[in-house]
Amino acid sequence: MDTKDIINVIAIVLSPIIAVLVTIYLQNRSDKKKEKIAIIKSLLSTGHYLYSDEIIRSYNLIDIVFKDNKDVREKWKLYYEALCNESLQYQVRLDKKLDLILAMCRAVNYKNITAQDLQRVYVPKGFAEDGEKQRKYMDMQYQSMEMMIQMFQKQKKEMENKQ
């Protein structure tokens with residue numbers, strides 16, 4: 001066996017291994033990008049809500065999913081600090097949120113997305129009204145439960161005093 005044959009055997013053995021490794025690498029890269037896009041979609045599709053389970057989950061995944069992107073992590077840190085600072089005006093928080101989402105878009109090569117694009121949120125009038133009605137209904141339920149608890153506590157004390 002001469003050198004040419006040895007090189008051919010090595011190429012035949014290594015080619016499928018290299019192909020598998022390249023495929024795994026590309027698949028991992030694709031999966032990471034899909035995770036990033038899923039978070040962006042989640043934040044944009046629920047942009048009309050201040051808070052929801054989906055929004056909170058997405059925010060809590062940013063440090064993990066964007067672990068290699070310093071810009072996104074810095075913008076997330078600034079937005080998180082703004083969320084925790086109740087004295088800040090709503091517009092300041094909104095600006096920090098927009099900065100964060102723009103950085104996330106750049107991280108997945110959505111370079112043509114602007115702040116104007118992100119501020120364009122569609123919320124039908126009826127949808128907003130229904131949300132307000134639901135909030136009021138939940139407040140009323142909470143108040144009713146509080147009143148019932150107070151009544152039961154009062155009855156319990158009266159019964160204890162009678163004994």
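Use the structure listed above.
Below or above, wherever it landed, is the structure these notes cover.

Parameters at a glance
Residues numbered from 1 in each chain as written. Predicted model: local features only at pLDDT ≥ 70, side-chain atom pairs only at ≥ 80, totals over all residues. Heavy atoms only, no water. Helix = DSSP H or I, 4+ residues; strand = E, 2+ residues; numbered from the N terminus. Rg over C-alpha atoms; globule rule 2.2 N^0.38 Å. Buried < 20%, exposed > 50% of the residue type's maximum accessible area, 1.4 Å probe, protein only. Areas by Shrake-Rupley, 256 points an atom, 1.4 Å probe, with all protein chains shown as cover. Lys, Arg positive; Asp, Glu negative; His and termini not counted. Charge placed at Lys NZ, Arg CZ, Asp CG, Glu CD. Expected span 1.5 Å × (residues − 1). Contact = heavy atoms within 4.5 Å. Salt bridge = Lys/Arg side-chain N within 4 Å of Asp/Glu carboxyl O. Phe/Tyr/Trp six-rings, centres within 6.5 Å; stacked < 30°, edge-to-face > 60°. Axes fitted to C-alpha atoms, helices over the stretch in contact; angles between N-to-C directions. Parallel < 35°, antiparallel > 145°, perpendicular 65-115°, else oblique. Left-handed = near helix turned anticlockwise from the far one by under 90°. Nonpolar A, V, L, I, M, F, W, Y, C, P; charged D, E, K, R; others polar. Core = buried A, V, L, I, M, F, W, Y, C linked by side-chain atoms within 4.5 Å.

**Some words on the overall build of the protein chain**
So, step 1. Across its full length, the protein chain carries six helices and zero strands.
So, step 2. Listing the helices and strands of the protein chain from first to last along the sequence gives α-α-α-α-α-α.
So, step 3. Relative to the globule expectation of 15 Å for 163 residues, the C-alpha radius of gyration of the protein chain, 27 Å, shows a markedly less compact shape.
So, step 4. The C-alpha extent of the protein chain, read off along each of the three principal axes, is 105 × 50 × 30 Å.
So, step 5. Put simply, the protein chain has 163 residues, and 18% of those count as buried.
So, step 6. Total accessible area on the protein chain stands at roughly 13200 Å², and carbon and sulfur atoms take up 58% of it.
So, step 7. Once the 27 positive and 22 negative side-chain charges of the protein chain are each reduced to a mean point, those two points are 2 Å apart.

**Some thoughts on helix α4 (residues 90–107)**
So, step 1. Helix length check: α4, at 18 residues, gives a terminal C-alpha distance of 26 Å against a target of 26 Å (1.5 Å per residue), a fit within 8%.
So, step 2. All of the buried residues in α4 are Arg-93, Lys-97, Leu-98, Leu-100, Ile-101, Leu-102, Ala-103, Met-104 and Cys-105.
So, step 3. Contacts from the buried residues of α4 go to α1 (3–45), α2 (53–65), α3 (70–84) and α5 (115–119).
So, step 4. Just downstream of α4 lies Asn-109, where phi reads positive at about 65°.

**Brief notes about the pattern of salt bridges**
So, step 1. Evaluation of the coordinates by the stated rule reveals four salt bridges.
So, step 2. Of the charged contacts in the structure, one is a salt bridge between Arg-106 and Asp-71, with a shortest N-O distance of 3.0 Å. Of this pair, Arg-106 sits in helix α4 while Asp-71 sits in helix α3, and the two are 35 residues apart along the sequence.
So, step 3. Its salt-bridge partner being Glu-81, residue Lys-77 comes within 3.7 Å of it at the nearest N-O pair. Of this pair, Lys-77 and Glu-81 both sit in helix α3, four residues apart, which is roughly one turn of that helix.
So, step 4. Using a relative accessible area of 40% as the deciding quantity, one classes Glu-81 as partly exposed.
So, step 5. Linked by salt bridges that have partners in common, Asp-71, Lys-75 and Arg-106 make up one network.

**A few points about the packing of aromatic side chains**
Aromatic ring pairs are reported here in terms of the distance separating the ring centres and the angle at which the planes meet.
So, step 1. Considering all chains together, one arrives at four aromatic pairs under this definition.
So, step 2. An aromatic cluster is present here, built from Tyr-59, Trp-76, Tyr-79 and Tyr-80 joined pairwise through their rings.

**Quick word on the packing of α3 against α4**
So, step 1. At a closest axis distance of 9 Å, the pairing of α3 and α4 adopts a crossing angle of 160°. On the basis of the axis angle, α3 is roughly antiparallel to α4. Read as a crossing pair, α3 and α4 show a hand that is left-handed. Counting all contacts with α3, which are made through Asp-71, Val-72, Lys-75, Trp-76, Leu-78, Tyr-79, Ala-82 and Leu-83, the residues of α4 involved are Arg-93, Lys-96, Lys-97, Asp-99, Leu-100, Ala-103, Met-104, Arg-106 and Ala-107.
So, step 2. The residue inventory of the contact of α3 with α4, partitioned by class, reads 10 nonpolar, no polar and seven charged.

**So, the nonpolar core**
So, step 1. Counting 21 residues, the largest nonpolar core has Tyr-59, Ile-62, Leu-100 and Met-104 as its most contacted members.
So, step 2. Every element with two or more residues in this core is listed here: α1, α2, α3 and α4.
So, step 3. A total of seven residues in this core trace back to one element, the largest contributor, which is α4.
So, step 4. With residues up to four places along the chain from it excluded, the contact list for Leu-100 reads Tyr-59, Ile-62, Val-72, Lys-75, Trp-76 and Tyr-79.

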